[in-house]
Amino acid sequence: MTQLPNIKSSIRSVKTDAERRAKNAAVKSQIRTAARKTVEAVQAGAVEEAKQALVHATSVIDKAASKGVLHKNTAARKKSNLAAKVNAL
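Note that the coordinates shown come from a computational prediction; the quantities given were computed from them, not determined experimentally. (Residues numbered from 1 in each chain as written. Predicted model: local features only at pLDDT ≥ 70, side-chain atom pairs only at ≥ 80, totals over all residues. Heavy atoms only, no water.)

Caption draft 1: Seen up close, the packing of helix H1 (residues 8-44) against helix H2 (residues 47-67). Contact pair H1 / H2: the axes reach a minimum separation of 8 Å and the direction vectors enclose 160°. Here H1 lies roughly antiparallel to H2, going by the angle between them. Here H1 runs over H2; the crossing is left-handed. Taken together, the residues of H2 that come into contact with H1 (itself represented by Val-27, Gln-30, Ile-31, Ala-34, Ala-35, Lys-37, Thr-38, Ala-41 and Val-42) are Glu-49, Ala-50, Ala-53, Leu-54, His-56, Ala-57, Val-60, Ile-61 and Ala-64. (Axes fitted to C-alpha atoms, helices over the stretch in contact; angles between N-to-C directions. Helix = DSSP H or I, 4+ residues; strand = E, 2+ residues; numbered from the N terminus. Parallel < 35°, antiparallel > 145°, perpendicular 65-115°, else oblique. Left-handed = near helix turned anticlockwise from the far one by under 90°. Contact = heavy atoms within 4.5 Å.)

Structure representation (C-alpha cells):
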C-alpha cells in the first residue's frame, strides 16, 4: 500500500496526477492503435485503406501534441515515419 502525503496540496497533486496519467494513457493508446492500423494496411497492400488510416492517425497524433501528451517533435517524427511507409506503396 502506498503512503499518502500529509500536506493538503500534495494530496491534491497525487489525485490530479493520477487523473492526468489515466487520460494520457488513453490518448497514447489511441495513437498506438491508429499507427498499428496504418502499418497493417500498408503490409496488406491496401493503398486506399492505408491513406485513410494515415489521415486518421495524423489527426490523432496532432490532437495529442496540441494537448501536450506528445512533444511536437515526437508527433512530427511519428507522422513522418507513417507517411514514409504509406508513400512507399
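On we go from here.
Caption draft 2: Expanded view of helix H3 (residues 72-87). The terminal C-alpha atoms of H3 lie 22 Å apart, and with 16 residues this matches the ideal 22 Å at 1.5 Å per residue to within 8%. When H3 is considered as a whole, its buried residues turn out to be Thr-74, Ala-75, Leu-82 and Val-86. Along the axis of H3, the buried positions cluster into a sector of 110°, meaning they face one direction only. What points out from H3, more than 90 degrees from its buried face, is the exposed set Lys-72 and Asn-87. Against H1 and H2 lie the buried residues of H3. (Expected span 1.5 Å × (residues − 1). Buried < 20%, exposed > 50% of the residue type's maximum accessible area, 1.4 Å probe, protein only. Arc of directions from axis to C-beta.)

Caption draft 3: Spatial organisation of the nonpolar core. Within the largest apolar cluster, 16 residues are counted, with the highest numbers of intra-cluster contacts made by Ile-31, Ile-61, Ala-64 and Leu-70. Counting residues per element, the ones that place at least two in this core are H1, H2 and H3. With 6 residues, the top contributor of residues to this core is H2. Setting aside residues up to four positions removed in sequence, Leu-70 forms contacts with Ile-31, Ile-61, Ala-64, Ala-65, Ala-75 and Lys-78. (Core = buried A, V, L, I, M, F, W, Y, C linked by side-chain atoms within 4.5 Å.)

Caption draft 4: Spatial organisation of H1. The terminal C-alpha atoms of H1, which comprises 37 residues, lie 54 Å apart, in line with the 54 Å expected from a rise of 1.5 Å per residue. Val-27, Ile-31, Ala-34, Thr-38, Ala-41 and Val-42 are the residues of H1 that are buried. The elements touched by buried residues of H1 are H2 and H3. Looking one or two places after H1, you find Gly-45, whose phi comes out positive at around 80°.

Caption draft 5: Here's a closer look at the environment of Val-14. Mapped onto the fold, Val-14 is located in helix H1. Sequence separation of Val-14 and Val-86 is 72 residues, and the distance between their C-alpha atoms is 42 Å. Contact partners of Val-14, with chain neighbours within four places excluded, come to Leu-4 and Pro-5.

Caption draft 6: View of a nonpolar patch on the surface. Residues Leu-4, Ile-11 and Val-14 make up a contiguous nonpolar surface patch of about 230 Å² in total accessible area. In this structure Val-14 comes out as partly exposed when scored by relative accessible area, which is 37%. (Patch = residues over 30% accessible without salt bridge, like charges linked within 9 Å, V, L, I, M, F, W, Y side chains within 5 Å. Areas by Shrake-Rupley, 256 points an atom, 1.4 Å probe, with all protein chains shown as cover. Salt bridge = Lys/Arg side-chain N within 4 Å of Asp/Glu carboxyl O.)

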